[in-house]
Amino acid sequence: MANNFTFYSPTEIVFGRGTHTQAAEHIRKYGGSRVLVVYGSERVAKSGLLEQVVAPMRQAGLVCHLLGGVVPNPHLGKVYEGIEIGKREGIDFLLAVGGGSVIDTAKAIAYGLAEPDRDVWELFDGKRAAKACLPLASVLTIAAAGSESSNSAVITNEKTGQKRPYDDNLARPKFAVMNPELTLTLPDYQTQSGCADIMMHTMERYFTGSGNMELTDALAEALLRTVMTNARILHEDPANYDARAEVMWAGSLAHNDLTGCGNGGGDFATHMLEHEMGGMFDVTHGAGLAAIWPSWARYVCASAMPRFVRYAVNVMGVTPGADDAETAEKGIRAMEDFYRSIGMPTNMRELGIAPTDDQLHAMAASCASACGGSKGSARLLYEADMYNIYKMAL
C-alpha cells in the first residue's frame, strides 16, 4: 500500500554542454549580488574552470569572493572560515563549484550566515533546527552526492572525528548548473565511487519494511540499471560524454526524493554506518558505502525479503533460486560482482582499512548516538546490530 508523501524539489536544473558559463544570469535572477564562490582543490583554478565561472559573474556586476581548499569529508573548520568571510564581506549568495563536499560546505556556510549568532555545528549535532539559510547554487563537477538538488549536507568535525548529516529544505539549492563535460577528466576511482553513491541514495529508499508504489519502484529500478550500465561504460571509456550525462542526471534524481515517493520511508542505515568509517578513517564516501552494503544487506535481508527478491530479479537480473532466500542471496552476490567489476570494494579490507575491535565498538556507539539510538526501515538497527554489521564487513 502506498504511503502518503510530500514531494518538494524546487531546484532549477541547467543541464548540458557549456552551461557552466551561465551562472551569473541565474544568480541575478535569484537575487544574489555579493557571492562567495566555494571550491575544492587548486586544480579547479589551474584548469581554468574557476575563471570561466567567475569572469562572467564579475562582468555582470556581481561582487565575488573566493574560498578554496574544501576536502572530501568536508571539515567544519572550513565552514567557520567561510562564515567569517561572509560576515566580513556582506555575502548574500553562495555558489559551490565542485561536488558534494563543496556543495555541503556551501550549505553549512549559508546556514551559519543566516543565523550568525548561533554555532552552525549545533544543527549537525542535533541540538536545534535551522530557522533560515542564505540562497545557494552549484556548478557541479562530480556526479555522486546529489547535493545539488537535495536538502542534505554532511560535515565532519575534524577535531572530534564526528561526521554528521543535517537535512532541511531551507538549503535546497536555487539552481544547479550540470555540464557533463566537467566530469570527463575525473579519475576512474572517483567516477565509480560516485556511481556507488548514486545507487545507494536510491537503494536507501528502495529497501523498506513497508509501503511501496509500483511507479516509484519502477523509476528506482530503471535508475539503478542505468547507472550500472553507464558505470561499466565509463570504466572502459572514461571520455564517453553520453555515459557521463546519464550518470550526472541520475545523481540528481537519486537524491531529490523522487525515488522515495509513497514507499515506507528511507532506510539510510548504510549511510550512517559509513559516516562513522569516513569520520574515523577518511575513506572515500562511495567506496565506503560499497564496502559496508553487502554486510548490511545480509544482516537485514530476512526482515525485508520481498524487496531483496524484487531487487535481485528486476535490477540485478538474476534467475530466481529454489526459494526467496536463495534468490535474495544471488542478488547480493551479483551486486558484489558488479562492485568489483568497476573497482569498488565489498568489505573493509578491500577498502583498505582494518579497524580493531575497539574501533568497531566505538563506531557502533557513535553511529547509534548520531541516529538517536536506532536507524533503519528495512530493519531497525541498534548499537549491537551496528557492531555486528561492522564485524561482518571485515
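Given the structure is predicted, the values throughout are model-derived calculations rather than measurements. (Residues numbered from 1 in each chain as written. Predicted model: local features only at pLDDT ≥ 70, side-chain atom pairs only at ≥ 80, totals over all residues. Heavy atoms only, no water.)

It is worth spelling out the environment of Thr21 at this point. Note on placement: Thr21 falls in the loop between β1 (12–15) and α1 (23–29). Judged by relative accessible area, Thr21 falls into the partly exposed class, the value being 36%. Each C-alpha atom of the pair Thr21 and Phe268 lies 35 Å from the other, and the pair is 247 residues apart in sequence. In this structure the side chain of Thr21 is engaged in a polar contact, spanning 3.2 Å, whose partner is the backbone oxygen of Gly18. (Helix = DSSP H or I, 4+ residues; strand = E, 2+ residues; numbered from the N terminus. Buried < 20%, exposed > 50% of the residue type's maximum accessible area, 1.4 Å probe, protein only. Polar contact = N/O pair within 3.5 Å; in protein donor to acceptor, adjacent residues only side chain to side chain.)

In a regular helix each residue adds 1.5 Å, so 18 residues correspond to 26 Å; helix α13 (residues 324–341) covers 26 Å between its end C-alpha atoms and thus fits that length. Buried residues of α13: Thr327, Ala328, Gly331, Ile332, Ala334, Met335, Glu336, Phe338 and Tyr339, and no others. The N-cap residue of α13 is Asp323: its side-chain oxygen and the backbone nitrogen of Ala325 are 3.3 Å apart. Gly343 sits one or two residues past α13 and shows a positive phi near 80 degrees. (Expected span 1.5 Å × (residues − 1).)

Turning our attention to the state of the cysteines. For the coordinates displayed, the defined rule picks out 0 disulfides. Unpaired in terms of disulfides, Cys367 finds its nearest cysteine sulfur in Cys371, a separation of 4.2 Å. (Disulfide = S-S within 2.5 Å.)

Of all 6 residues that make up strand β2 (residues 34–39), 5 are buried, and the element is covered over most of its length. With 5 bridges connecting them, β2 and strand β3 (residues 63–67) associate as parallel partners. In the strand pairing of β3, Leu36 is matched with His65. Where β2 lies against strand β4 (residues 93–98), 5 bridges are found, and the strand directions are parallel. Looking at the pairing, Leu36 lines up with Leu94 of β4. (Pairing = 2+ DSSP bridges.)

A few words on empty space enclosed by the protein. In the structure shown here, the tally under the stated rule is 1 cavity of 30 Å³ or more. Approximately 60 Å³ is the volume attributed to the largest cavity. Every residue lining the largest cavity is listed: Ile142, Ala143, Thr183, Leu186, Gln190, Thr191, Leu234, Arg244 and Val247. The set of elements that each furnish at least two residues to the lining of the largest cavity consists of α7 (188–206) and α9 (241–255). The residue inventory of the lining of the largest cavity, partitioned by class, reads 5 nonpolar, 3 polar and 1 charged. (1 Å grid on protein atoms, 1.4 Å probe; cavity = no way out; pocket = protein on both sides within 12 Å on 5 of 7 lines; lining within 4 Å. Points joined across faces, edges and corners; volume = space filled by probe spheres on them. Nonpolar A, V, L, I, M, F, W, Y, C, P; charged D, E, K, R; others polar.)

What follows concerns the packing of helix α11 (residues 285–300) against α13. It is the contact of α11 with α13, at a shortest axis distance of 10 Å, that shows an interaxial angle of 175 degrees. Relative to α13, the element α11 is oriented roughly antiparallel. Residues Ala290, Trp293, Pro294, Ala297 and Arg298 of α11 lie in contact with α13, whose contacting residues are Glu329, Ile332, Arg333, Met335, Glu336 and Tyr339. Classifying every residue of the contact of α11 with α13 gives 7 nonpolar, no polar and 4 charged. (Axes fitted to C-alpha atoms, helices over the stretch in contact; angles between N-to-C directions. Parallel < 35°, antiparallel > 145°, perpendicular 65-115°, else oblique. Contact = heavy atoms within 4.5 Å.)

A separate point is the pattern of salt bridges. Within this structure, the stated rule accounts for 23 salt bridges. Between Asp257 and Arg172 there is a salt bridge; the shortest N-O distance is 2.8 Å. With Asp257 in the loop between α9 and α10 (269–281) and Arg172 in the loop between β7 (162–167) and β8 (175–178), this pair connects stretches of sequence that are 85 residues apart. (Salt bridge = Lys/Arg side-chain N within 4 Å of Asp/Glu carboxyl O.)

On to the layout of surface pockets, then. Estimated volume of the second largest pocket: approximately 150 Å³. Lining of the second largest pocket is provided by 14 residues; of these, Tyr8, Pro10, Arg172, Pro173 and Lys174 occupy positions nearest its centre. Residues that form the lining of the second largest pocket fall into these classes: 10 nonpolar, 2 polar and 2 charged.

Direction vectors running N to C along α7 and α10 enclose 135 degrees, while the axes themselves pass 9 Å from each other. Taken as axis vectors, α7 and α10 run oblique relative to one another. Along its contact with α7, which presents Asp197, Met200, His201 and Glu204, the element α10 presents Ala269, Thr270 and His271. For the contact of α7 with α10, the class distribution of residues is 2 nonpolar, 3 polar and 2 charged.

Of note, Arg244 is situated in helix α9. Buried Arg244, no salt bridge; nearest opposite-charge side chain is Asp188, N-O distance 6.5 Å. At 2.9 Å, the side chain of Arg244 forms a polar contact with the side chain of Thr191. Residues in contact with Arg244, not counting those within four places in the same chain, are Pro180, Thr183, Leu184, Leu186, Thr191, Leu234 and Pro238. (Lys, Arg positive; Asp, Glu negative; His and termini not counted.)

No statement about biological role is implied by the geometric values presented.
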